[in-house]
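Now for the letters of each chain:
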Amino acid sequence: KNQVEQSPQSLIILEGKNCTLQCNYTVSPFSNLRWYKQDTGRGPVSLTIMTFSENTKSNGRYTATLDADTKQSSLHITASQLSDSASYICVVSVGDSSYKLIFGSGTRLLVRP
Amino acid sequence: KAGVTQTPRYLIKTRGQQVTLSCSPISGHRSVSWYQQTPGQGLQFLFEYFSETQRNKGNFPGRFSGRQFSNSRSEMNVSTLELGDSALYLCASSPGPQRADTQYFGPGTRLTVL
């Protein structure tokens, strides 16, 4: 069964600290993996999208990694800011004719001053 | 470019009624996807339209339907509303099929069913 699992469910860190969010997937065949940031009450915003051949992709203070062998991805946030407080959603695209996107349940991050 | 717009932003309906939500994609985008988001279930895929054709459909009952017009604008309809349909409905557009391209989400329509 195609699944995407994220951990932790929630996380509290102090402003300025780094953190890493995890995403494990069992999607097959694999097409690409995306990370989204969703502020409360707003639509998700794309952070990165990685295909099978990409190991790392950065977007400012956000760096996503992908290990296609172990089917794991991580999102690393450097020097966190209060505005990083949001839900982070991992999404995997199925690489067949179904065109499906499989969503993780998200990690809720709270950055405290 | 203007972003994805959704109307209305908020909606209150009663059980048994029907509702139509509208989504205008980013200019030039041909794919529009719809999602339902609830606190308990997270984001769930409803359907995707590409060049006026439904390309993919999630596991939702037939009460949920949609369409896309020649200008890529899309509408989603929910008939015979149930309390469990209360949710944030998100629309996302992309230049090509959602599988391959980055999606850009609208602000959503918050539907409350009483």
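Residues numbered from 1 in each chain as written. Chains lettered and ligands numbered in written order. Predicted model: local features only at pLDDT ≥ 70, side-chain atom pairs only at ≥ 80, totals over all residues. Heavy atoms only, no water.

Our next topic: the confidence of the model for chain A. On average, residues of chain A carry a pLDDT of 93, and 97% of them reach 70 or more. Across chain A, strand S8 (residues 72-77) of chain A holds the top mean pLDDT of 98, while strand S10 (residues 101-103) of chain A sits lowest at 87. (pLDDT = per-residue confidence, 0-100. Helix = DSSP H or I, 4+ residues; strand = E, 2+ residues; numbered from the N terminus.)

Take the sheet that holds strand S1 (residues 5-7) of chain B next. Residues and elements named next belong to chain B. Read from one edge of the open sheet, four strands run S1-S3-S8-S7, paired in antiparallel fashion. Each edge of the open sheet is held by one strand with a lone partner, namely S1 and strand S7 (64-68). Along the sheet, successive strands turn relative to each other by an average axial angle of 20 degrees, direction set aside. Judged from the three bridges that link them, S1 and strand S3 (residues 19-24) form a sheet pairing that is antiparallel. Paired with Thr7 across the strands is Ser22, a residue of S3. (Pairing = 2+ DSSP bridges. Axes fitted to C-alpha atoms, helices over the stretch in contact; angles between N-to-C directions.)

Contact with chain A, which involves 22 residues of that partner, is made by 19 residues of chain B. In total, about 1600 Å² of surface goes out of reach between chain A and chain B, with carbon and sulfur atoms giving 50% of it. Summed over the shared surface of chain A and chain B, the number is one residue pair in polar contact (both at pLDDT 80 or more). Among the elements that make up the side of chain A that touches chain B, the one with the highest residue count is strand S4 (residues 30-38) of chain A (five residues). (Contact = heavy atoms within 4.5 Å. Buried area = accessible area lost by both parts, 1.4 Å probe. Polar contact = N/O pair within 3.5 Å; in protein donor to acceptor, adjacent residues only side chain to side chain.)

Within the structure shown, the criterion is met by six salt bridges over all chains. A salt bridge links A:Glu54 to A:Lys57; its shortest N-O distance comes to 3.0 Å. Classification of A:Lys57 as partly exposed rests on a relative accessible area of 27%. Of the charged contacts, one joins B:Arg73 and B:Glu75 as a salt bridge, the two residues approaching to 3.4 Å between their closest N and O atoms. Linked by salt bridges that have partners in common, B:Arg63, B:Glu82 and B:Asp85 make up one network. (Salt bridge = Lys/Arg side-chain N within 4 Å of Asp/Glu carboxyl O. Buried < 20%, exposed > 50% of the residue type's maximum accessible area, 1.4 Å probe, protein only.)

Let's shift gears to the nonpolar core. Within the largest apolar cluster, 26 residues are counted, with the highest numbers of intra-cluster contacts made by A:Val4, A:Tyr25, A:Leu33, A:Trp35, A:Leu75 and A:Tyr88. Mapped by element, the contributors of at least two residues to this core are strand S3 (19-25), S4, strand S5 (45-51), strand S7 (62-67), S8, strand S9 (86-94) and strand S11 (107-112) of chain A. Not counting residues within four places of it along the chain, the set of residues in contact with A:Leu33 comprises A:Cys23, A:Tyr25, A:Thr48, A:Ile49, A:Met50, A:Leu66, A:Ser73, A:Cys90, A:Val91 and A:Val92. Core analysis: the next-biggest nonpolar cluster, separate from the first, contains 21 residues, B:Leu21, B:Leu46, B:Phe60 and B:Met76 among them. (Core = buried A, V, L, I, M, F, W, Y, C linked by side-chain atoms within 4.5 Å.)

Here the focus is the pairing of strand S9 (residues 87-94) of chain B. Residue and element names in this part refer to chain B. For S9, the tally of buried residues reaches eight of eight residues, placing the bulk of the element in the interior. The two faces of S9 match: Ala87, Tyr89, Cys91 and Ser93 on one face and Leu88, Leu90, Ala92 and Ser94 on the other face are all buried. Pairing of S9 with strand S11 (residues 109-113), which is carried by three bridges, proceeds in the antiparallel orientation. Counterpart to Leu88 in the pairing with S11 is Arg110. Of the strand pairs in this sheet, S9 and strand S10 (residues 104-105) are connected by two bridges, and their pairing is antiparallel. What sits directly across from Ser93, in S10, is Tyr104.

Time to look at the confidence of the model for chain B. Predicted confidence across chain B gives a mean pLDDT of 92, with 96% of residues reaching 70 or more. Looking over chain B, one finds the lowest element-wise mean pLDDT in strand S6 (residues 53-57) of chain B, namely 88, and the highest in S3(B), namely 98.

Moving on, we get to the state of the cysteines. As enumerated under the stated definition, the model contains two disulfides over all chains in all. A disulfide bridge connects B:Cys23 with B:Cys91, and the sulfur atoms are separated by 1.7 Å. Judged by the torsion about the S-S bond (-50 degrees), the B:Cys23/B:Cys91 disulfide is left-handed. Taken as a pair, B:Cys23 in strand S3 and B:Cys91 in strand S9 lie far apart in primary sequence, 68 residues in all. Cysteine A:Cys19 is unpaired, with the sulfur of A:Cys90 as its nearest cysteine sulfur at 15 Å. Given the relative accessible area of 6%, A:Cys19 is considered buried. (Disulfide = S-S within 2.5 Å.)

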